[in-house]
Amino acid sequence: MKQAYIFDMDGTLFQTDRILGHALEDVFAFLREQGRWTTETPLAEYRAIMGVPLPEVWRTLLPAHTEADRAQADQIFQDVLIRHIEQGHGALYPGAEEVMAALQASGHAVYIASNGWKGYLAAIVRQYALERWLDGVYSIEDVASSKKSDLVAHILSHHRLKETVVVGDRISDFQAAKVNGLPAIGCRFDFSNEAELAQADAVIDDLQELLQLDVN
């Protein structure tokens, strides 16, 4: 097997921005109905931290709420996200399918490493039949910690990977690569920012550019 690729999902392969606002609005509309939220939906705050594990998301967005409130918000959020995915409201980034197909055809292994929950990832994989090109899909739920670096380490160990590249859009992806001694490719997409992209070894504006890179 040639070089392996570990992709982030949200903001890298999947255009989460298409459904994120709808799901978050539903969560906070529910909280308002319950008298547990009185101001606007903190979409900008979520976009700023996109890519962190969901428990951290809810601790940030609902700092004064109970763990039970956060757990309920998370469940509503997941349910709405999955419903939007199944209704076809999301989309992969342009070139995502072609790039994964090309990597597989060239003998490269392709994996997903995401801070998202398993059910959410499974919905995306089903909707777009991504199993055609993937050698494995891994959620942060697959490791005991909330660190993406540990998730990437788990994939490397489980599949005995050596020559591997991490592709993502946020600092958690780049840090996960560096901790594991891997090169990182940054995607200048919806949730990225230049300060974080500066930590990547290479930056692309289109997934098709990935096929032209030589990152070791």
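Now for a quick tour of the structure. (Residues numbered from 1 in each chain as written. Predicted model: local features only at pLDDT ≥ 70, side-chain atom pairs only at ≥ 80, totals over all residues. Heavy atoms only, no water.)

**What to know about helix H3 (residues 54-61)**
Next up, step 1: Taken residue by residue, H3 has Leu 54, Val 57, Trp 58 and Leu 61 as its buried positions. Mapping the buried residues of H3 onto a view down its axis gives an arc of 90°, with all of them on the same face.
Next up, step 2: Its buried side turned inward, H3 meets helix H1 (17-33), helix H2 (43-49) and helix H4 (67-86). (Buried < 20%, exposed > 50% of the residue type's maximum accessible area, 1.4 Å probe, protein only. Helix = DSSP H or I, 4+ residues; strand = E, 2+ residues; numbered from the N terminus. Arc of directions from axis to C-beta. Contact = heavy atoms within 4.5 Å.)

**Side note on the pairing of strand E1 (residues 4-7)**
Next up, step 1: Burial along E1 is two-sided: Ala 4 and Ile 6 facing one way and Tyr 5 and Phe 7 facing the other are all buried.
Next up, step 2: Sheet topology note: the E1/strand E4 (residues 164-168) ladder contains four bridges and is parallel. Along E4, the bridge assignment pairs Ile 6 with Val 166.
Next up, step 3: Both E1 and strand E2 (residues 110-114) contribute to a ladder of three bridges, which runs parallel. Bridged to Tyr 5 within E2 is Val 110. (Pairing = 2+ DSSP bridges.)

**A word on the layout of surface pockets**
Next up, step 1: Counted as a void, the largest pocket has a volume near 210 Å³.
Next up, step 2: Taken together, 18 residues make up the lining of the largest pocket; nearest its centre are Val 52, Asn 115, Ile 171, Ser 172 and Gln 175.
Next up, step 3: Of all the secondary structure elements, the ones that give two or more residues to the lining of the largest pocket are H2, helix H7 (148-159) and helix H8 (171-179).
Next up, step 4: Considering each element in turn, the lining of the largest pocket owes the most residues, four residues, to H8.
Next up, step 5: Looking at side-chain class alone, the lining of the largest pocket contains seven nonpolar, six polar and five charged residues. (1 Å grid on protein atoms, 1.4 Å probe; cavity = no way out; pocket = protein on both sides within 12 Å on 5 of 7 lines; lining within 4 Å. Points joined across faces, edges and corners; volume = space filled by probe spheres on them. Nonpolar A, V, L, I, M, F, W, Y, C, P; charged D, E, K, R; others polar.)

**Structural notes on empty space enclosed by the protein**
Next up, step 1: Applying the stated rule across the entire model yields one cavity of 30 Å³ or more.
Next up, step 2: A volume near 180 Å³ is recorded for the largest cavity.
Next up, step 3: Surrounding the largest cavity, 22 residues form its lining, Asp 10, Tyr 46, Met 50, Asn 115 and Gly 116 being those nearest its centre.
Next up, step 4: Among the elements of the structure, H4 and H8 are those that each provide at least two residues to the lining of the largest cavity.

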